[in-house]
Structure formats: C-alpha cells, structure tokens
Amino acid sequence: MTARAADRTRYNRATAHLDAPIAIVDLEAFDANADDLVRRAAGKPVRVASKSVRCRALLERVLARPGFAGIMSYTLAESLWLARAGFDDVLLAYPSADRAAFAELAADPKLAAAVTVMVDDHSQLELIDASRAGGREEIRVCLELDTSLRMLGGRVRIGALRSPLRSPAQLAELARSVARRPGFRLVGLMAYEGHVAGVGDAVAGRPLRSRAIRLMQTAARKELAVRRAEVVRAVRAVAPELEFVNGGGTGSVQHTAAESAVTEIAAGSGLYVPRLFDNYTSFTARPAALFAQPVVRRPGVGVVTVLGGGYPASGAAGADRSPVPYLPEGLRYDPQEGAGEVQTPLLGSPADDLLIGDKVWFRHAKAGELCERFDTLQLIEGDRVTASVPTYRGEGRTFL
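Residues numbered from 1 in each chain as written. Predicted model: local features only at pLDDT ≥ 70, side-chain atom pairs only at ≥ 80, totals over all residues. Heavy atoms only, no water.

Another point: the sheet that holds strand S6 (residues 139–144). The strand order S2-S3-S4-S5-S6-S9-S10-S11 describes a closed barrel built from eight strands, whose pairing is parallel. Each strand axis lies, on average, 30 degrees off the axis of its neighbour in the sheet, ignoring direction. As defined by bridge partners, strand S4 (residues 90–92) adjoins strand S5 (residues 115–119) across two bridges and the pair is classed as parallel. Of the residues in S5, the one forming a bridge with Leu91 is Thr116. Taken strand by strand, helix H3 (residues 56–63) contacts strand S2 (46–49) and strand S3 (68–73), and its axis lies near 145 degrees from that of S3. Contacting strand S9 (184–191) and strand S10 (244–247), helix H10 (residues 207–238) runs over the sheet at an angle of about 175 degrees to S9. (Pairing = 2+ DSSP bridges. Helix = DSSP H or I, 4+ residues; strand = E, 2+ residues; numbered from the N terminus. Axes fitted to C-alpha atoms, helices over the stretch in contact; angles between N-to-C directions. Contact = heavy atoms within 4.5 Å.)

The structure is reproduced here in structure tokens:
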C-alpha cells in the first residue's frame, strides 16, 4: 500500500460517520509542516498569513508553537475581529479603504495597540485621518516595498502589481510623512516577493520553463536582497525604532531568512500545502487540508460523478486553479466538463471500484480559499476525528 493509499484508508475510516461534502485537516501533517517552516526560517519568527488558514482554532494552534509570532491579516475588518478575539499582534498586509473600521481602530486603545495597517501612498494616511470620527488613538503603520524584478530598463516587470514604492528614497519620503503626521507611528516595513515565494520552479513536464523560472528567481533574490537592505537603512534613518522588517512567503522562507535586513518571515500556505505548492525544488511538505465529495452517479465503465467540487482558486484562470482529484489515486477530470458547480465527472480505472456514497478526496489549488466553501474543518489525528472547528465562514465571517 502506498503512503497516499494509507492516508485514504485513514481518512475514510475517520470520517465514516460523516456524509460528504466535508473538509479535513490532518493534524500530524499540519504540525510537521509547521515544524518545517520554523526549520527553514532558521531562528527568525514566522508570522502566520491568516488568509491561508481562515480558521481561528488553527491559528491559535500554530501560534502556540515555538517559532511562530503574530498574524498577517488580509482585511481591516478581519484584523479588528482577530484583535478582539485576543490576538495581540496583527499586521494587515493590504491597504484598506474601510472608513468604519478605521473609526473603530482609532477609538479603541486595545485595537490600536494590536493592529498595524499597511500604507504605500500619502492619500491613504489622509483617508485614515478623515475616518477617525473623533478617535484619537495612535495608528501603527507599516510601509510596503515593491519587490518586482525590473529588466531592460524597466520595460519588463516580473512580480505582482502591489506597492508603488520601489526605491530607498521613495520609502524614506513616505516614512518622513508618517513621522511628521500626528496620530501615526511607523513600526514596520514589508516586502512580499510573490514571484519567488509563490511560483513553483519545477513544473511537471516543462523542463525548459522550470529552468527559466529558476534563473529568474535567482536573479530576483539577488536584486531584492541588495535593494531591500538599502531600503531598510533609509527607513531606519527616519524611524530608528522600527520594530520589524517582514519578508518572504512559503516558497522562499529559507532564502529570505538569510537576509540580515529581514527580521521576520511571513508564511501560511505551507501549513495546508495546496496543489500549487507541489512544484518546488526548495522544499517538500505534506498535504494537510483536503475536501471530499460523494459519488452520486456511475455513468459507465471508468467513470463516476461526484456532487459539486467546482471550487476554483483566485488568480489568472487556468487548469492549475482547479482542485485536483487526489484520493483514490489515478482519477482525472473529463476535459469537456472539468470541475463542475453541481456535478463533476471523474475518469480513470479507480472509478470502477467506487460505489454510490463513497468519498473522493480533493486538494484545493490554494490554501485558505477552501474555507470559504465549508463551515467546519474536521481535525484528524491518526484514523479519528478528534475535533470539529469552525472556519471563518462557520463563524459567520466572510471578509472578502
């Protein structure tokens, strides 16, 4: 029996009393993945990206482990909710225009002390000030650096379109604006190198593309390490009490941790390990989050149909954004239908051994987005469900 087949046996036994659709997290794999992130971070604390987890119980679990400190959130409303729930170090990774939430933040000492907001434009400071509604609490601010790789005189850009701040001078100028503005305190700097951390460099069946990605990422890491160090020096000259410099992502933990200018690493997807993280040479980890759909039809030889399953991930549309049939091994989508809204045909010889009501296990393309489809995660240890915990959705929270 292969390791994957053994996992299927465990998951089916553990959830035999539960009807699909269901979502699970294998806690042994989750904890092993957490340990691997800490090992790769080489002594620097790992800040957990909440968008990749979206479950308070699992955020609490991982933050209780040595080597983890703080949350990187994705909306201001989520940040305030987490702070009210007792998380005392929440870095909002994206600028916000949520005026009502800024009013809450400025009026509450506990929230203002726990939450740091992201800024990369003077006008964002103005929006926050205009939203205070009388609140006088000091707002903690983090600046974001554009990490994209620019080539051919800037005519070619590789990396996400995020912050407009690229040079040490630009970051220092905004840092001075924060320092001069009453009611704000600059505490951090963030730089997310998504073209390194979030792009696999070992694409199956594409050796030339994989080599090109590795060459690009090597160049990007070298360029960013130099520029990030220069930016940190320029910003610290304005704000010598800067508390943190955040960088990285699951796919680049060990590379980013090696930079002396970086004080902490961000990661989250590496806890669940969705399918987009299969194609990396820099690390291997164990899939921990899966979902199961029930077999509801047997249309013919070598075919079964499961209920639903069409849970695409965000990003540029493509086959890699679909969940992947994982257990039993050997199933594939019908190319004419793919993963459907209400039904998904699956092809392959393993279909002939599946009965009506059996579970087919899938892996989502991305990490936390799975939790937008399920109210509950079944936590599995060995061959037993040891807890059922709500996702954000299960707690009535849909922040995006």
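Bringing unusual backbone geometry into the picture now. Residue Pro21 is bonded to the preceding Ala20 through a cis peptide linkage, with omega at 10 degrees. Following the sequence through the fold, Pro21 ends up in the loop between helix H1 (3–14) and strand S1 (22–26). The amide bond that connects Leu327 to the next residue, Pro328, takes the cis arrangement and shows omega of 0 degrees. Among the structural elements, Pro328 can be located in the loop between strand S14 (324–327) and strand S15 (332–333). In this structure, Arg54 is a non-glycine residue whose phi angle is positive, near 50 degrees. With respect to the helices, strands and loops of the structure, Arg54 is situated in the loop between S2 and H3.

With the rule as written, the count across this model stands at 12 aromatic pairs. Their ring planes at 15 degrees and their centres at 6.5 Å tell us that Tyr74 and Tyr392 sit as a pair that is stacked. Of this pair, Tyr74 sits in the loop between S3 and helix H4 (76–84) while Tyr392 is found in the segment after strand S19 (384–390), placing the two residues 318 residues apart along the sequence. Both rings, one in Tyr311 and one in Phe374, keep their centres 6.0 Å apart while their planes meet at 85 degrees; by these two values the pair is edge-to-face. In this pair, Tyr311 sits in the loop between strand S13 (303–307) and S14 while Phe374 sits in the loop between strand S17 (359–363) and strand S18 (376–381), placing the two residues 63 residues apart along the sequence. (Phe/Tyr/Trp six-rings, centres within 6.5 Å; stacked < 30°, edge-to-face > 60°.)

Here we come to the pairing of S3. Taking burial as the measure, the six residues of S3 include five buried ones, the bulk of the element. Taken together, the three bridges between S2 and S3 define a ladder with parallel strand orientation. Its bridge partner lying in S3, Val48 is registered against Ile71. Where the polypeptide runs from S2 across H3 and back to S3, its parallel neighbour, the crossover connection is right-handed. The parallel pair S3 and S4, bridged by H4, forms a crossover whose chirality is right-handed. (Buried < 20%, exposed > 50% of the residue type's maximum accessible area, 1.4 Å probe, protein only. Right-handed = clockwise from strand over helix to strand, strands pointing away.)

This next bit is on the nonpolar core. Across soluble globular proteins, nonpolar side chains have a tendency to be buried as a group. Residues Leu58, Val117, Leu143, Tyr272 and Leu377 are the most contacted members of the largest nonpolar core, which totals 90 residues. Among the nonpolar cores identified, the runner-up in size contains 12 residues, and Ala14, Ala292, Leu327 and Ile380 belong to it. (Core = buried A, V, L, I, M, F, W, Y, C linked by side-chain atoms within 4.5 Å.)

With that out of the way, let us pick up helix H5 (residues 99–107). An α-helical turn contains 3.6 residues, so a residue and the one three or four places further along point in the same direction. Every buried residue belonging to H5 is among Ala101, Phe102, Ala103, Leu105 and Ala106, and all of these are buried. Looking at the buried positions of H5, the neighbouring elements they touch are H4, helix H6 (109–114), S5, helix H7 (122–130) and S6.

Here helix H8 (residues 168–180) crosses H10 at 25 degrees, and the two axes come no closer than 8 Å. The orientation of H8 with respect to H10, classified from their angle, is roughly parallel. Crossing of H8 over H10 shows right-handed handedness. Across from Pro168, Leu171, Ala172, Ala175, Arg176 and Ala179 in H8, the residues of H10 making contact are Glu230, Val231, Ala234, Val235 and Val238. Split by residue class, the contact of H8 with H10 holds nine nonpolar, no polar and two charged. (Parallel < 35°, antiparallel > 145°, perpendicular 65-115°, else oblique. Left-handed = near helix turned anticlockwise from the far one by under 90°. Nonpolar A, V, L, I, M, F, W, Y, C, P; charged D, E, K, R; others polar.)

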